[in-house]
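Survey of secondary and tertiary structure
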Amino acid sequence: QPEPGVFIFHGNTSPDTTEIDGKGIWAELMPGHGYGFTSDGQSNYLSERFGVELTFGRRLKQLMPGENIALIKYARSGSSIDVEAAGKFGCWDPDFSTGNGINQYDHFLATVRNAFAVEDIDGDGEKDRLIPAGIIWMQGESDGAFTKEIAVRYEANLKELMNMIRAALRMDDIPVVIGQISDSGQDDKDGMVWNFGHIIRTAQASFAEKDECASLVISTSGYQYSDRWHYDSAGYLDLGNKFAEAVWKLSDNE
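My aim in this report is to walk through the structure given alongside it, one point at a time. Bear in mind that the values here come from a model prediction, so they are computed numbers and not experimental data.

Once that is clear, we can look at unusual backbone geometry. Of note in this structure, threonine 17 is not a glycine but carries a positive phi near 65°. Position of threonine 17 among the secondary structure elements: in the loop between β1 (6–10) and β2 (26–28).

In structure tokens:
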């Protein structure tokens, strides 16, 4: 069911080197904003899946019942920060230069611009003002799947990207919550799907420890998997709740 008082702008996901996209519309939060979702800027086409936004928005509303909640989502499955780990899934490195240089960070920026360009988010005839309040980031598996050298660069890459996103939102101390990656243990050869995932996990923990406006969600280590790469539904539902509670704590609400 839709979540009253919680709105989402989900930017259309596009591959690297394609025309800058980020099209979307503001709509009341409901299931369907997972893999397979698309938007043409006029309508949303919901998928049969959901992501952490579902319980994230709901839990934030429970924690802050008097506040209006607006979520901006941009996500591309399998994307990396490091250029050498991008493959066919996409890259977030702001300095990415392959082809025409357009990558996931560019599509993200377009999503933010398009979301902020809408003056009346909830359609009540009154102007609304978006106040950035937090960033949630669940990524890193691809960066831990190739070489040790790529994985070792992850902490520096993550720090640079989070600083760039903070700059885009014009708040250098906006809370950042990182979801620590885990491993299903279902690789046919050695059991480890992400061969250098342990380096990524250490890097994520180090980033959260060094950044006073960041925290780490570690509940992922106990989640079950629907396949070798993805958590099951219960995991995503719990992760959304954990993200919301972490953002709320970092916002001096506890």
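Attention shifts here to the pattern of salt bridges. In this structure the tally under the stated criterion is eleven salt bridges. Residue aspartate 188 pairs with arginine 228 through a salt bridge whose shortest N-O separation is 3.4 Å. Separated by 40 residues along the polypeptide, aspartate 188 in the loop between β7 (176–179) and α5 (197–210) and arginine 228 in the loop between β8 (214–217) and α6 (233–250) bring together distant segments of the chain. Under the relative-accessibility criterion, arginine 228 is labelled partly exposed at 25%.

Here we take up the packing of helix α2 (residues 104–116) against helix α4 (residues 154–168). Close contact between α2 and α4 brings their axes to 11 Å; oriented N to C, the two are set at 20°. By the angle between their axes, α2 is roughly parallel relative to α4. Here the hand of the crossing between α2 and α4 comes out right-handed. Packed against α2, whose contacting residues are Tyr105, Phe108 and Leu109, the element α4 presents Leu161, Met164, Ile165 and Ala168 at the interface.

Moving on to the sheet that holds β1. Spatially, the three strands line up as an open sheet ordered β2-β1-β5, and their pairing is mixed. Each having just a single partner strand, β2 and β5 (69–73) make up the two edges of the open sheet. Taken over all neighbouring pairs, the strand axes of this sheet differ in orientation by 30° on average, direction set aside. Judged from the three bridges that link them, β1 and β2 form a sheet pairing that is antiparallel. Directly across from phenylalanine 9, in β2, lies its bridge partner tryptophan 26.

So, how was this worked out
- Residues numbered from 1 in each chain as written.
- Predicted model: local features only at pLDDT ≥ 70, side-chain atom pairs only at ≥ 80, totals over all residues.
- Heavy atoms only, no water.
- Helix = DSSP H or I, 4+ residues; strand = E, 2+ residues; numbered from the N terminus.
- Salt bridge = Lys/Arg side-chain N within 4 Å of Asp/Glu carboxyl O.
- Buried < 20%, exposed > 50% of the residue type's maximum accessible area, 1.4 Å probe, protein only.
- Axes fitted to C-alpha atoms, helices over the stretch in contact; angles between N-to-C directions.
- Parallel < 35°, antiparallel > 145°, perpendicular 65-115°, else oblique.
- Left-handed = near helix turned anticlockwise from the far one by under 90°.
- Contact = heavy atoms within 4.5 Å.
- Pairing = 2+ DSSP bridges.

The quantities given are spatial measurements derived from coordinates; they are silent on function.
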